[in-house]
Amino acid sequence: EKQGFSWDQYLIANKAVAASITYFKQAHDPLKNEFSKDMKLEANDPRNNTSSCIATVIDMQGPRLRLRLDGSDDKNDFWRLVDSGDLHPVGYCEEHKGMLQPPLGFRMNSSSWPGFLQKTLNGALLAPAHCFKKEPQKPSKNEFQVGQKLEAVDRKNPALICPATIGAISEDLVHITFDGWRGAFDYWCKYDSRDIFPVGWCEKSGHPLQSPGIKATPYKSKISSRVTSELSISVGGGSAHSGSPSASSPGSQKSPINPLASPAS
Ligand code: MLZ
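Keep in mind it's a predicted model, so treat the numbers as computed, not measured.

Student: Please clarify how empty space enclosed by the protein should be interpreted in this entry.
Tutor: Rolled over the atoms, a probe with the dimensions of a water molecule shows which regions are left empty. Evaluation of the coordinates by the stated rule reveals two cavities of 30 Å³ or more. When its volume is computed, the largest cavity comes out at roughly 80 Å³. If you go around the largest cavity, the residues you meet are I21, A27, H28, D29, P30, L31, P63, P198, W201, K204 and S205. Here the residues of the lining of the largest cavity sort into seven nonpolar, two polar and two charged. Its boundaries defined by the atoms lining it, the second largest cavity holds a volume of some 60 Å³. Lining the second largest cavity are D45, P46, R47, L69, S72, N76, F78, P103 and L104.

The structure is reproduced here in structure tokens:
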């Protein structure tokens with residue numbers, strides 16, 4: 001039996017449907033990641049999109065790259081797909097009559113930028129052109145419908161891709177809601193965002209997919225039911241409240257083997 005989260009079971013249990021692969025601005029065939037760690041490339045500064053900067057591949061997960069702008073700190077890393085239009089081989093900017101810029105928050109005096117740039121590129125491992133894949137076409141219009149399931153980047157924890165549901169739609173925008181997380185991570189994005197993927201994308205791409213949060217129903221993984229019963233142990237053990245929310249909510253499972261869970265009243 002397969003370990004961990006399974007979309008097949010989850011869709012049936014939730015009587016839900018997956019958004020069609022044609023609704024996304026994503027490649028339909030799995031992307032080959034030919035980058036390696038420490039390679040340098042040109043990337044738009046995510047905090048200042050008009051400037052082209054030098055970036056280094058810090059980490060990789062499937063066809064996604066964790067990037068850090070040279071001269072920036074380690075607190076502003078960002079993730080891009082290997083077919084992102086924001087990425088180019090070193091030399092692209094100059095060819096297109098641009099100037100490489102220091103990142104926002106360059107940690108040195110701006111007068112030291114030319115020297116820094118020369119030093120950072122000297123002897124560097126430059127990502128070859130074949131690593132950069134062509135950006136996919138965007139679908140001509142927003143075809144998502146409320147309730148459809150998908151996989152989405154958690155923008156507060158951008159290394160993570162998680163099961164999600166379309167919660168609302170407004171013209172070119174979709175509201176991404178994360179299954180089992182009560183809204184804390186939800187966001188609005190354009191329908192052609194590169195942060196949203198069809199169901200099954202992670203599995204096909206060799207990227208980890210998080211399990212839904214513990215508030216997701218009715219799917220329960222072994223882990224989530226263990227966490228749920230641990231929560232009810234600590235709530236019951238506190239004894240300050242007469243009726244613990246977990247014991248009184250209709251959907252919660254009561255644990256018969258937990259002596260602390262027996263009602264105090
Ligand atoms: N450590 C974090 C991860 C949350 C991930 C949620 N993704 C939708 C937490 O537990 O808050």
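That shown, we press on.
Student: Help me understand the pairing of strand β7 (residues 161-170), please; the structure alone is not making it clear to me.
Tutor: Here is the key point about a regular strand: its side chains alternate between the two faces of the sheet. Two strands pair when backbone bridges link them, and strand β6 (residues 149-153) and β7 are joined in this way by five bridges, in the antiparallel orientation. By the bridge assignment for β7, E151 is matched with P163. Counting the residues in the hairpin turn of β7 and strand β8 (residues 173-178) gives two residues, including E171, whose phi is positive at 50 degrees.

Student: What am I meant to see in the pattern of salt bridges here?
Tutor: Pairing between side chains of opposite charge can happen when the charged atoms of each approach one another. The final tally for this structure, using the stated rule, is 14 salt bridges. Across the pair R80 and D86 runs a salt bridge whose closest N-O atoms are separated by 3.0 Å. A single network of salt bridges, built from pairs that share partners, joins K25, D83, E135 and R194.

Student: I tried to follow the site of the ligand on my own but got confused; where do I start?
Tutor: As a matter of local geometry, the ligand sits amid D154, N157, L160, C162, F178, W181 and F185. Measuring from a nitrogen atom of the ligand, one finds a side-chain N or O atom of D154 at 2.8 Å. When the free accessible area of the ligand is taken as 340 Å², the share hidden by the protein chains comes to 60%. By residue class, the composition of the shell around the ligand is five nonpolar, one polar and one charged.

Student: Hey, could you run me through the side chain of D45 in this one?
Tutor: One can find D45 in strand β1 (residues 40-45). Among buried Asp, Glu, Lys and Arg side chains, D45 stands out as unpaired, with R47 the closest opposite charge at 4.7 Å. From its side chain, D45 meets the backbone nitrogen of L104 in a polar contact 2.8 Å long. In this view, D45 contacts S51, C53, L69, P103 and L104; residues no more than four positions away in its chain are not counted.

Student: Would you explain helix α3 (residues 113-121) in this entry?
Tutor: Each full turn of the α-helix corresponds to 3.6 residues, which orients residues three or four apart in the same direction. Taken as a whole, α3 has its buried residues at W113, F116, L117 and T120. Taken end-on, α3 shows its buried residues confined to a sector of 100 degrees, consistent with a single buried face. Of the exposed residues in α3, the ones pointing more than 90 degrees away from its buried face are P114, Q118 and K119. Among the structural elements, β1 and β2 (48-61) are those in contact with the buried residues of α3. Of the residues one or two after α3, G123 is the one with positive phi, at around 70 degrees.

Student: So what exactly am I meant to see when it comes to the nonpolar core here?
Tutor: If you look at soluble globular proteins, the nonpolar side chains tend to sit buried side by side. If you look at the biggest cluster of nonpolar residues, it comprises 22 residues, and the most contacted ones within it are F144, V174, I176, Y187 and I196. Going through the elements one at a time, β6, β7, β8, β9 (187-190), β10 (196-197) and α4 (201-205) are the ones with two or more residues in this core. For this core, the element with the highest residue contribution is β7, accounting for four residues. Beyond its immediate stretch of four places on either side in the chain, I196 contacts F24, Q26, F144, L150, E151, A152, V174, I176, Y187, C189, K190 and Y191. L65, L69, F78 and L87 belong to the second largest nonpolar core, which has 16 residues in total.

Student: Just to check I follow, could you spell out the sheet that holds β8 for this structure?
Tutor: Spatially, β9-β8-β7-β6-β10 is the arrangement adopted by the five strands of the open sheet, whose pairing is antiparallel. Single-partner strands in this sheet number two, and they are β9 and β10. Strand direction decides the pairing type here: β8 and β9, joined by four bridges, are antiparallel. When the sheet's bridge partners are listed, H175 is paired in β9 with W188.

Student: Honestly, the sheet that holds strand β4 (residues 78-81) in this entry has me stumped. Any pointers?
Tutor: Strand pairing in a sheet relies on backbone hydrogen bonds. The paired strands run either parallel or antiparallel. Read from one edge of the open sheet, five strands run β4-β3-β2-β1-β5, paired in antiparallel fashion. Pairing within the sheet leaves two strands with one partner each, and these edge strands are β4 and β5 (87-88).

Student: Would you take a moment to explain the side chain of T177 for this structure?
Tutor: Turning to its location among the elements, T177 is positioned in strand β8. Of the residues examined, T177 reaches a relative accessible area of 18% and is grouped as buried. For T177, the contacting residues outside a window of four places in its chain are A164, T165, G167 and D186.

Quick notes on the rules
- Every chain begins its residue count from 1, and numbering advances along the sequence as written.
- Selection of residues for local features in this predicted model requires a pLDDT of at least 70, selection of side-chain atom pairs for listing and counting requires 80 or more, and totals for whole chains, interfaces and linings are taken over all residues.
- Excluding hydrogens and water, the side-chain figures rest on all heavy atoms present in the structure.
- Cavity means a closed set of points on a 1 Å grid over the protein atoms alone, one where a 1.4 Å probe fits but cannot get out, pocket means an open set with protein on both sides within 12 Å along at least 5 of 7 lines, and lining means a residue has an atom within 4 Å of a point.
- Grid points are joined across faces, edges and corners, and a volume is the space filled by probe spheres set on the points.
- Each residue receives one of three labels: charged for Asp, Glu, Lys and Arg, nonpolar for Ala, Val, Leu, Ile, Met, Phe, Trp, Tyr, Cys and Pro, and polar for the others, Gly being one of them.
- A pair of strands is labelled paired if DSSP reports no fewer than 2 bridges between them.
- By the criteria applied, helices consist of DSSP H or I runs no shorter than four residues and strands consist of E runs no shorter than two, each listed in order from the N terminus.
- Whenever a carboxyl oxygen of Asp or Glu lies within 4 Å of a side-chain nitrogen of Lys or Arg, that contact is scored as a salt bridge.
- Nearness is defined per residue: one heavy atom within 4 Å of the molecule or strand is enough.
- For this analysis, a polar contact is any N or O atom pair within 3.5 Å, provided that within protein one partner can donate a hydrogen and the other can accept it, and provided that sequence-adjacent residues contribute only side-chain to side-chain pairs.
- Areas reported as accessible are Shrake-Rupley estimates using a 1.4 Å probe. Residue values count occlusion only from the protein chains shown.
- When a residue's accessible area, from a 1.4 Å probe over protein chains only, is under 20% of the maximum for its type it is buried; when over 50% it is exposed; and in between it is partly exposed.
- The charge count treats Lys and Arg as positive and Asp and Glu as negative. His and the chain ends do not count.
- Working rule for contacts: check all heavy atoms of both residues, and any pair within 4.5 Å makes them a contact.
- Directions pointing from the helix axis toward each C-beta atom define the arc.
- What makes a nonpolar core is a set of buried Ala, Val, Leu, Ile, Met, Phe, Trp, Tyr and Cys residues whose side-chain atoms join them at distances within 4.5 Å.

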